[in-house]
Amino acid sequence: MKILAFESSCDETAAAVVEDGRSVLSSVIASSLEEQRLYGGVVPEIASRRHAEWISGVAEQALAQASVTMQEIDAVAVTAAPGLIGALLVGVNYAKSLAFAANKPLVPVHHLRGHIAANYLAHQDLQPPFLCLVVSGGHSHIVAVDSYTDFRVIGRTRDDAAGECFDKAARAMGMPYPGGVALDKIAETGNPKAYNFPRPHVDGSEYDFSFSGLKTAVINLLHRAEQVGETLDHADVCASFRDRVVEMLCTNTMKAADEFGYRTVVLAGGVSANAELRRRMTALCEQSGRKLYMPPLSLCGDNAAMIGAQAYYEYLAGNAADSSLNAAPTMPIDKVVWG
Ligand code: KG4
Ligand code: ZN
């Protein structure tokens, strides 16, 4: 089954053709990131405008690169939640019109389910059940993946997402948006023990995260140094800060894997590209005899291939939509309802 999938939840306008949820026939991504950098973050209005301009072009390219015609496509899939509402609506309306005009089923996909499914494209042997740490710019979840379409949230962030926390710390050090990647690179050259950042604790749930105190601690450190004219070694600040974020992510994930008896652990989302997170999780899973799956770096960030992968399993589970489909800015991964 060949699915033409779309992703437009943030600043990437993407289309891909995916076969049977596992094989990428094409994947095209146009990004407004360079333009967004001028403003230090994603301006929703700019994202929506670029999606509207680019979506038909990326669709045509995805079909051409896969060497398939619209007649050979079996279903149209689209990210319908969560994300920037104006941005999502461009993809949803385009996919609805295309599915209607070509008389194909329409399959809505939850963005975070898509991030998890990126792993199915790279690891043909991976099947649920498994425990997944989903860490992106907007979300940080520990999720039990019971089947391809059944999810349970075990832990979540109470405030900032891990990616957001990386981006805000990076911004305070003058790095361009999104600073997570640059911070990770600079951290490689620093001393992770140079600064003793706090380990924010969440009362009530041992699997939940809280990153805002850590973010404030690094921003305060930088501001104080600036006020007294002190020069800090940013490599040490980055390394110490990254070490603490990664420690929090790994500790809760491994605790949940122990408690709920998971032998397979999976990483997903933009932050799963983080070098220290990948190293630390590899070591922890090796030590405890667990299997670890991570997306290749090319599939960590937003793309439409991951949406096409998840859409295949949503379609098999009967989760197609009709032309009344709407986009939603928020939606829990475990309670997906399309109206
Ligand atoms: O999944 P994603 O592409 O978009 C969302 O769905 O949010 O994630 C983007 C986030 C950004 O916050 C970005 O800074 C972060 O992922 N990110 C990283 C790294 N690469 C991307 N954070 C830390 N280290 C990285 N290497
Ligand atoms: Zn994403």
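Residues numbered from 1 in each chain as written. Chains lettered and ligands numbered in written order. Predicted model: local features only at pLDDT ≥ 70, side-chain atom pairs only at ≥ 80, totals over all residues. Heavy atoms only, no water.

1. Notes on the packing of aromatic side chains
Per the counting criterion, the structure on display carries eleven aromatic pairs. Plain terms: the ring middles of Tyr120 and Tyr313 are 5.6 Å apart, the flat faces sit at 70° to each other, and that makes the pair edge-to-face. You can see Tyr120 sitting in helix 4 (residues 111-122) and its partner Tyr313 sitting in helix 10 (residues 305-316), a full 193 residues away along the chain. The residues Tyr120 and Tyr313 share a single accessibility class, namely buried. Summarising the aromatic geometry, the rings of Phe166 and Phe241 are spaced 5.8 Å apart at their centres and angled 90° between planes, so their arrangement reads as edge-to-face. (Phe/Tyr/Trp six-rings, centres within 6.5 Å; stacked < 30°, edge-to-face > 60°. Helix = DSSP H or I, 4+ residues; strand = E, 2+ residues; numbered from the N terminus. Buried < 20%, exposed > 50% of the residue type's maximum accessible area, 1.4 Å probe, protein only.)

2. Quick notes on the sheet that holds strand 5 (residues 106-110)
For sheets, the rule is that strands pair by backbone hydrogen bonds, running either parallel or antiparallel. A sheet is described by the order of its strands in space; here five strands give the open sequence 3-2-1-4-5, paired in mixed fashion. The sheet is open, and its two borders are formed by strand 3 (23-31) and strand 5, each paired with just one other strand. This sheet shows a mean twist of 20° between the axes of neighbouring strands, independent of strand direction. Examined bridge by bridge, strand 1 (residues 2-7) and strand 4 (residues 75-81) share four bridges and lie parallel to one another. Across the sheet, Leu4 pairs through a bridge with Val76, a residue of strand 4. Contacting strand 1, strand 2 (12-19) and strand 3, helix 2 (residues 44-66) runs over the sheet at an angle of about 25° to strand 2. (Pairing = 2+ DSSP bridges. Axes fitted to C-alpha atoms, helices over the stretch in contact; angles between N-to-C directions. Contact = heavy atoms within 4.5 Å.)

3. Observations regarding the coordination of the zinc ion (ligand 2)
Protein coordination at the zinc ion (ligand 2) comes from His111 (NE2), His115 (NE2) and Asp302 (OD), with a distance range of 2.0 to 2.1 Å. Here His115 falls in the buried class, since its relative accessible area comes to 1%. (Donors = N, O, S within 2.8 Å, 3.2 Å for Na, K, Ca; no water.)

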